[in-house]
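Below, each chain spelled out in residue letters.
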Amino acid sequence: MKITLSVLKADVGSIGGHIIPSTALINEVKNFVKENGAGLIIDSYISHTGDDIAILVTHDKGVSNESIHKMGWDAFLAGTEMAKKQGLYGAGQDLLKDAFSGNIKGMGPAVAEMEFEERPNEPFVFFAADKTDPGAYNLPFYLGFSDPMYCAGLILSPKMSKGFTYRIIDVEYTEKDKIIELNAPEEIYDIAALLRDNERYVIESIYSRTSKSQAVSISTTRLHNIAGKYTGKDDPVALVRVQGEFPATGEVLAPFQIGHLVAGFMRGSHNGPLMPCKLNTTISYFDGPPVVTGAAFCVKDGKLTEPADVFDHPYWDYVRQEVSRKATDIRRQGFSGAAMLPFSELEYGGIVDKLQKLEEKFKLVN
Ligand code: F6R
Ligand code: MG
Ligand code: MG
């Protein structure tokens, strides 16, 4: 059976700052999807990571389906109403347009979707990250799909020996989607040359070169490109099919042990290590650190199992300790150098005015 996985994610308000959506907001979105998804979707899973709420649905309507996107948009509007009623912070923050116009992409919420022929058993992982941007997945999915140091299957499994095709998007270009396709392993130096720049070149999807099936879909929204001003970081979601011709779940998870430094953290303007956290985690230290969660499922005829929490294991407690240490280390240097993002990536416009005023006070003295 051909099915579609769609995940739509937005920050429409949270408790106590940018921390966690309220139970009432989450229930509102859940009930909305239950009532309005009848006859449209097969199954759903509503969750939150930090201040973002994500609607994962299965259906047979294909990607970019207007009815699916409209239902997601309306669910976020219903959530926003509840957020306003409760006085939640940042109510409706990610809903950047006034009226729905056919496709939720480009309207604020993040979207990742995949249509594929279900295998007899179909495992996948749904990742959600908060306080960071889509480039946060560049390193883990480069290593997990192309480096035998992390993905043993590249050496050991004949189903994976041909490698993977990466579709990489230039997120600076906003007129249309500007995409390049590169093959690993032959072109890994070119892939690495692009993926080192997390703020410009972002993995959009990955395909098996053996079966040609899609393995990965990542949301690539850049909120500040849509709104033209600070609206929070993009907080990306990703869908990753695993096992068989794709890396094993554990091979996809392995690179998250690095806790690599990503853009985001406080005011979307700093570098911080990406911490793999348990499902439904909150945000805390310095509005961070940037977090990623993973819910693993199997799907049969579009019906989802309950989620397995991939980072809920004693091993990841150890990783979280290490990542906490790394977060503390970089925070010790405050605003200086590598701790804060370069000027072009700072999410608050106030500093532009400040620097302009200071420029006028400079004097040429010899
Ligand atoms: C980062 C984020 C927070 C806010 C910060 C200030 O993506 O959402 O770090 O930037 O809490 O928020 P405001 O400007 O809404 O007071
Ligand atoms: Mg968020
Ligand atoms: Mg937010």
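Conventions adopted
Residues numbered from 1 in each chain as written. Chains lettered and ligands numbered in written order. Predicted model: local features only at pLDDT ≥ 70, side-chain atom pairs only at ≥ 80, totals over all residues. Heavy atoms only, no water. Donors = N, O, S within 2.8 Å, 3.2 Å for Na, K, Ca; no water. Helix = DSSP H or I, 4+ residues; strand = E, 2+ residues; numbered from the N terminus. Buried < 20%, exposed > 50% of the residue type's maximum accessible area, 1.4 Å probe, protein only. Core = buried A, V, L, I, M, F, W, Y, C linked by side-chain atoms within 4.5 Å. Polar contact = N/O pair within 3.5 Å; in protein donor to acceptor, adjacent residues only side chain to side chain. Pairing = 2+ DSSP bridges.

A.B. asks: Got a minute to help me understand the coordination of the magnesium ion (ligand 3) in this structure?
C.D. replies: Around a metal, the ideal angle is 109.5 degrees if four donors adopt a tetrahedral arrangement and 90 or 180 degrees if six donors adopt an octahedral arrangement. Around the magnesium ion (ligand 3), the protein contributes the donor atoms Asp 11 (OD) and Asp 51 (OD), at 2.1 to 2.3 Å from the metal centre. In this structure the magnesium ion (ligand 2) is found 3.2 Å away from the magnesium ion (ligand 3), and Asp 51 serves as a bridging donor for the pair. One end of the pair, Asp 11, is in the loop between strand E1 (2-10) and helix H1 (23-36); the other, Asp 51, is in the loop between strand E2 (43-49) and strand E3 (52-59), with 40 residues separating them in the sequence. In this structure Asp 11 comes out as buried when scored by relative accessible area, which is 2%. Judged by relative accessible area, Asp 51 falls into the buried class, the value being 1%.

A.B. asks: Any chance you could explain the nonpolar core here in plain terms?
C.D. replies: The nonpolar side chains of a soluble globular protein tend to be buried with one another. With 45 residues, the main nonpolar core has Phe 127, Tyr 137, Phe 141, Phe 145 and Phe 256 as its most contacted residues. For this core, the element with the most residues is helix H3 (residues 138-146), which contributes four residues. Formed by 28 residues, the second largest nonpolar core is a distinct cluster that contains Val 12, Val 29, Ile 46 and Met 82.

A.B. asks: Just to check I follow, could you spell out the environment of Tyr 166 for this structure?
C.D. replies: Looking at where Tyr 166 falls in the secondary structure, it is placed in strand E6 (residues 164-170). By relative accessible area, which is 0% here, Tyr 166 ends up buried. Each C-alpha atom, one on Tyr 166 and one on Asp 43, is 29 Å from the other, the two residues being 123 residues apart in sequence. Within the local environment of Tyr 166, its side chain forms a polar contact with the backbone oxygen of Phe 141, the two atoms lying 2.9 Å apart.

A.B. asks: What is the right way to read the coordination of the magnesium ion (ligand 2) from this model?
C.D. replies: Every protein donor of the magnesium ion (ligand 2) is accounted for by Asp 51 (OD), Asp 52 (OD), Asp 52 (OD), Asp 130 (OD) and Asp 235 (OD), and the metal-donor separations fall at 2.0 to 2.7 Å. Each donor residue of the magnesium ion (ligand 2) lies on one chain, and together they are spaced D-D-x77-D-x104-D.

A.B. asks: What should I look at first to understand the pairing of strand E5 (residues 123-130) in this one?
C.D. replies: Moving residue by residue along a regular strand, the side chains alternate between the two faces of the sheet. Most of E5 is tucked away, with eight of its eight residues classed as buried. With burial as the criterion, each face of E5 is covered, one bearing Pro 123, Val 125, Phe 127 and Ala 129 and the other bearing Phe 124, Phe 126, Ala 128 and Asp 130. The pairing of E5 with strand E14 (residues 291-300) spans eight bridges and is antiparallel. Bridge pairing in E14 links Phe 126 to Ala 295. Across five bridges, E5 lies against strand E10 (residues 237-241) in antiparallel orientation. Its bridge partner being in E10, Phe 124 is matched across the sheet by Arg 241.

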